[in-house]
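# A closer look at the structure
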Amino acid sequence: MHERLLKMIELSDAFIALPGGFGTLQELFQMISWAKLNIHEKPIGLLNISGFFNDLLSFFDHAVEQKFIS
């Protein structure tokens, strides 16, 4: 998996997550983590179809408010 994600970073101009399951979330969080660690500087987006990611976005807001993430 790690090799595939590294290849994805090498070949991609940006990352967008569509509604999905645990694999999608794992890859999304990996891209966010690597961006925070300055491993890449590429845009990351969510395609929030029918509010699929609303609760996740609310969690992010809560984690920022609680100063767990920035």
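Below or above, wherever it landed, is the structure these notes cover. On a predicted model such as this, the values are computed, not experimentally measured, just so you know. (Residues numbered from 1 in each chain as written. Predicted model: local features only at pLDDT ≥ 70, side-chain atom pairs only at ≥ 80, totals over all residues. Heavy atoms only, no water.)

### Describing the pattern of salt bridges
Enumeration according to the criterion identifies two salt bridges in this entry. The salt bridge involving Arg 4 is made with Glu 27; its shortest N-O contact spans 1.8 Å. Taken together, the positions of Arg 4 in helix α1 (residues 2–11) and Glu 27 in helix α2 (residues 22–36) put the pair 23 residues apart, joining distant regions of the chain. The class for Arg 4 is partly exposed, based on a relative accessible area of 45%. Assessed through its relative accessible area of 19%, Glu 27 is described here as buried. (Salt bridge = Lys/Arg side-chain N within 4 Å of Asp/Glu carboxyl O. Helix = DSSP H or I, 4+ residues; strand = E, 2+ residues; numbered from the N terminus. Buried < 20%, exposed > 50% of the residue type's maximum accessible area, 1.4 Å probe, protein only.)

### A look at a nonpolar patch on the surface
Together, Ile 16, Leu 18, Leu 47 and Ile 49 make up an exposed nonpolar region whose accessible area comes to about 360 Å². Locating Ile 16 in the fold gives a position in strand β1 (residues 15–17). Classification of Ile 16 by relative accessible area gives exposed; the value is 57%. (Patch = residues over 30% accessible without salt bridge, like charges linked within 9 Å, V, L, I, M, F, W, Y side chains within 5 Å. Areas by Shrake-Rupley, 256 points an atom, 1.4 Å probe, with all protein chains shown as cover.)

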